[in-house]
Amino acid sequence: EVSAARREAAPRLERAVSEQLVDLEMPTAGFAVRVSSKEALESLTEDGWDTTEFMLASNPGLPARPLARVASGGELSRTLLALKCAVAGLEGRETLVFDEIDAGIGGRTALAVGEKLRGLARSCQVIVITHLPQVAVYADRHYLIAKIAGDAGALTRLVPLDEEASLAEVCRML
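Just so you know, these numbers come straight off a predicted model, no measurement behind them.

Caption draft 1: Up close: the packing of helix α3 (residues 73-87) against helix α4 (residues 107-120). Interhelical geometry of α3 versus α4 gives an angle of 20° and a closest axis separation of 11 Å. In terms of axis orientation, α3 runs roughly parallel to α4. The two elements α3 and α4 cross, and the hand of that crossing is left-handed. Along its contact with α3, which presents R78, L81, K84 and C85, the element α4 presents T109, V113, K116, L117 and L120. Classifying every residue of the contact of α3 with α4 gives 5 nonpolar, 1 polar and 3 charged.

Rendered as structure tokens:
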């Protein structure tokens, strides 16, 4: 039953993620889910007997290949964001933490990622660690994270920023 449910859900997930990728400056990319099974008792684990792999065709005419092997840093980041957007809210209210989800991107693509994160924040709490001002400007609240190294080790300091300090930090990032 679990295997059948996975195979039934895969095309819906493929469509949902592919639609999200369009908004993230990957309009020609194709996302696919490959579910393969070894329907034998010895291959049965607590997760079932399926192996599920995410596939990406980043350019038209190319076959979908394993995401982990073919995606650049920017493609991987955006595919993860698209996947999170596609399934957001399915498990109720949630908090999503993205640490440099904008790796390997810049310019207009960074703006698209910022817009997508802002949209995602309408349905759940989103915490984003970024070095890109194009992404940071979409946040409702800003915090400065500072690491302080000392003899006893390192401490991380989180400082809430008011509107003026937020503007100064975005300018510094620029």
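That covers the picture; the talk isn't over yet.
Caption draft 2: The arrangement of the nonpolar core in detail. In this structure, L21, L56, L81, F98, V113, L117 and L120 are the most contacted members of the largest nonpolar core, which totals 27 residues. Taken together, the elements giving at least two residues each to this core come down to α1 (2-23), β1 (30-37), α3, β4 (95-99) and α4. Setting aside residues up to four positions removed in sequence, L120 forms contacts with L81, K84, C85, A88, L96, F98 and V126.

Caption draft 3: Structural detail: the sheet that holds β1. Strand order in this open sheet of 3 strands is β1-β2-β3, and the pairing throughout is antiparallel. This sheet does not close on itself; its edge strands, each paired only once, are β1 and β3 (65-66). Pairing analysis gives 8 bridges linking β1 to strand β2 (residues 50-57), with the strands arranged antiparallel. Bridging across to β2, R34 finds its partner in E53.

The rules we used
Residues numbered from 1 in each chain as written. Predicted model: local features only at pLDDT ≥ 70, side-chain atom pairs only at ≥ 80, totals over all residues. Heavy atoms only, no water. Axes fitted to C-alpha atoms, helices over the stretch in contact; angles between N-to-C directions. Helix = DSSP H or I, 4+ residues; strand = E, 2+ residues; numbered from the N terminus. Parallel < 35°, antiparallel > 145°, perpendicular 65-115°, else oblique. Left-handed = near helix turned anticlockwise from the far one by under 90°. Contact = heavy atoms within 4.5 Å. Nonpolar A, V, L, I, M, F, W, Y, C, P; charged D, E, K, R; others polar. Core = buried A, V, L, I, M, F, W, Y, C linked by side-chain atoms within 4.5 Å. Buried < 20%, exposed > 50% of the residue type's maximum accessible area, 1.4 Å probe, protein only. Pairing = 2+ DSSP bridges.

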